[in-house]
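Okay, here's what each chain looks like letter by letter:
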Amino acid sequence: MAGNSALSAAVKAKKDEFYTQLTDIEKEMRYYRKHFKGKTVFCNCDDPFESNFFKYFVLNFNRLGLKKLIATCYATSPIMGQQLSLFDVVGGDEDKKGKPYKAVVTKVYDVTGDGGVDMFDVAELFKSHENELTELRGDGDFRSEECLALLDEADIVVTNPPFSLFREYVAVLMEHGKHFIIIGNVNAITYKEVFPLIMENRLWLGASIHSGDRKFYVPDDYPLNAAGCGVDEEGRRFIRVKGVRWYTNLDYKQRHDELILVKRYSPEMYPQYDNYDGINVDATSDIPCDYAGMMGVPITFLDKYSPDQFEILGVTQSWCGVASKVYSRQVQIDKNGKRSLVTKLNDGAAIKVNEPPANKTYYEVGGEMFVKTYARVLIRNRHPEQPKEVQQ
């Protein structure tokens, strides 16, 4: 099973308790260091003694100049309490094991006197009540009243939310007007709850992940039946997931770097869509430098998108309302020649073809044949070069 298939299956089964690697967090956070000084950071999907988000921020608390660090966790988290827990740190009744709790950190220093700061120092600061570690009244859900109150107290949210709740999670952050750096699936770009935020320049992709897969820890009962899954030297189960991206609304210098465009427009190379007033561009590197109209590009274009260079006009999804033609009835012919009546061509960009493509699904609409592209982001170059014939 491929990484994306494993992710889809996890979302359907609500088995999306994925725990991010510390190295991936470190690589992304270095782009936002200036944003953290004097701020309160909230990790609201993170067991303080399981989460690498909490570990990163507590061990870099002084270097980043944080004002406060808050972390909360779900009562239902399958991995919660497998390492160090509230019960282990401050003691208490046996029935408190596995309960959700919050950690509030306002100071971090070398308690043990070994010359450095580590998680043992952090635990000691909780034990001495110099930092706060208390049980939550509810279940620790980010939508609960007490967690929303903590959210209002925070300046920046940084975490890996459950993939199955990504739409709702983003909606809560936007409703409360929070800055954030979170992880999600690249396909979330096309969600009707997410894409308008991208188009309005209120949300964009992060800096450090643009391709490949990423390793995530998973609970002990998670099936390891996908390629790249395994158990590490410490006995923790992990999977590798493709199509992962950081999402943020904190600006960073690199997202204003403009693409160097070397291709020029020709009708032969860039076919016109039938249901959109634009041309198809199969790869970001193929964007023509001299085309002023609308272009459909792969969603991974957003990895290199500069708002100074391009304007985002829409996405090839039916809810977006950009299509110039809507097909209500068409025949789908799969690569084996099987025919079926479908009504979903308006969920993609259609390119007319003169003959049936070999070993590929296509559509018949009114006696004409079309192939459908993958999802496309519709863009316009803000500063196109003059076409060659004009230059001459």
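Residues numbered from 1 in each chain as written. Predicted model: local features only at pLDDT ≥ 70, side-chain atom pairs only at ≥ 80, totals over all residues. Heavy atoms only, no water.

## Here's the deal with the side chain of Lys178
Looking at the secondary structure, you find Lys178 in the loop between α9 (166–175) and β7 (179–185). In this structure the side chain of Lys178 is engaged in a polar contact, spanning 3.2 Å, whose partner is the backbone oxygen of Asp152. Those residues within four positions of Lys178 in sequence are excluded, and the remaining contacts are Leu151, Asp152, Ala154, Asp155, Val157, Leu173 and Asn249. (Helix = DSSP H or I, 4+ residues; strand = E, 2+ residues; numbered from the N terminus. Polar contact = N/O pair within 3.5 Å; in protein donor to acceptor, adjacent residues only side chain to side chain. Contact = heavy atoms within 4.5 Å.)

## Overview of the nonpolar core
Membership of the largest hydrophobic core comes to 48 residues, with the highest contact counts inside it found for Ile189, Ile287, Leu302 and Ile379. Excluding residues within four positions of it along the chain, Ile287 makes contact with Leu261, Lys263, Tyr270, Val281, Met295, Val297, Phe301, Phe310 and Ile379. Grouped together as the second largest cluster of nonpolar side chains are 41 residues, Cys73, Ala103, Phe126 and Val158 included. (Core = buried A, V, L, I, M, F, W, Y, C linked by side-chain atoms within 4.5 Å. Buried < 20%, exposed > 50% of the residue type's maximum accessible area, 1.4 Å probe, protein only.)

## Notes on the sheet that holds strand β16 (residues 330–333)
In sheet architecture, strand pairing relies on hydrogen bonds along the backbone and comes in two forms, parallel and antiparallel. Taking strand neighbours across the sheet as the criterion, the 5 strands line up as β17-β16-β19-β20-β18 in an open arrangement whose pairing is antiparallel. Two strands in the sheet have a free side with no partner beyond their single neighbour: β17 (339–342) and β18 (350–353). In this sheet, neighbouring strand axes are inclined to one another by 35° on average, regardless of whether the strands run parallel or antiparallel. As defined by bridge partners, β16 adjoins β17 across 4 bridges and the pair is classed as antiparallel. Its bridge partner being in β17, Val331 is matched across the sheet by Leu341. (Pairing = 2+ DSSP bridges. Axes fitted to C-alpha atoms, helices over the stretch in contact; angles between N-to-C directions.)

## Some points on the pattern of salt bridges
One pass over the structure, following the stated rule, counts 19 salt bridges. Across the salt bridge formed by Glu130 and Lys107, the nearest N and O atoms sit 3.9 Å from each other. Of this pair, Glu130 sits in the loop between α7 (119–127) and β5 (132–135) while Lys107 sits in the loop between β4 (101–105) and α7; the two residues are 23 residues apart in sequence, bridging distant segments of the chain. Take Lys107: its relative accessible area is 36%, and that puts it in the partly exposed class. The closest approach of N and O atoms between Glu385 and Arg264, which form a salt bridge, is 3.1 Å. (Salt bridge = Lys/Arg side-chain N within 4 Å of Asp/Glu carboxyl O.)

## Some details on unusual backbone geometry
Positive phi outside glycine occurs at His129, with the angle close to 65°. Inspection of the secondary structure puts His129 in the loop between α7 and β5. Classification of His129 by relative accessible area gives exposed; the value is 67%. Of note in the backbone geometry, Asn201 takes a positive phi value of approximately 60° without being a glycine. Here Asn201 shows up in the loop between α10 (195–199) and β8 (204–205).

## Topic: α9
Each α-helix turn comprises 3.6 residues. Residues three or four places apart therefore point the same way. Those residues of α9 that fall on the buried side of the exposure criterion are Phe166, Tyr169, Val170, Val172, Leu173 and Met174. Phi turns positive, to about 65°, at Gly177, one or two residues after α9.

## Let's talk about the packing of helix α2 (residues 22–29) against helix α4 (residues 52–59)
Where α2 meets α4, the axes come as close as 9 Å, and the angle between the chain directions of the two elements is 50°. As the angle between them shows, α2 and α4 are arranged oblique. Every pair of crossing elements has a handedness; the one defined by α2 and α4 is right-handed. Residues Leu22, Ile25, Glu26 and Met29 of α2 pack against Asn52, Phe53, Lys55, Tyr56 and Phe57 of α4. Taken together, the residues that form the contact of α2 with α4 break down as 6 nonpolar, 1 polar and 2 charged. (Parallel < 35°, antiparallel > 145°, perpendicular 65-115°, else oblique. Left-handed = near helix turned anticlockwise from the far one by under 90°. Nonpolar A, V, L, I, M, F, W, Y, C, P; charged D, E, K, R; others polar.)

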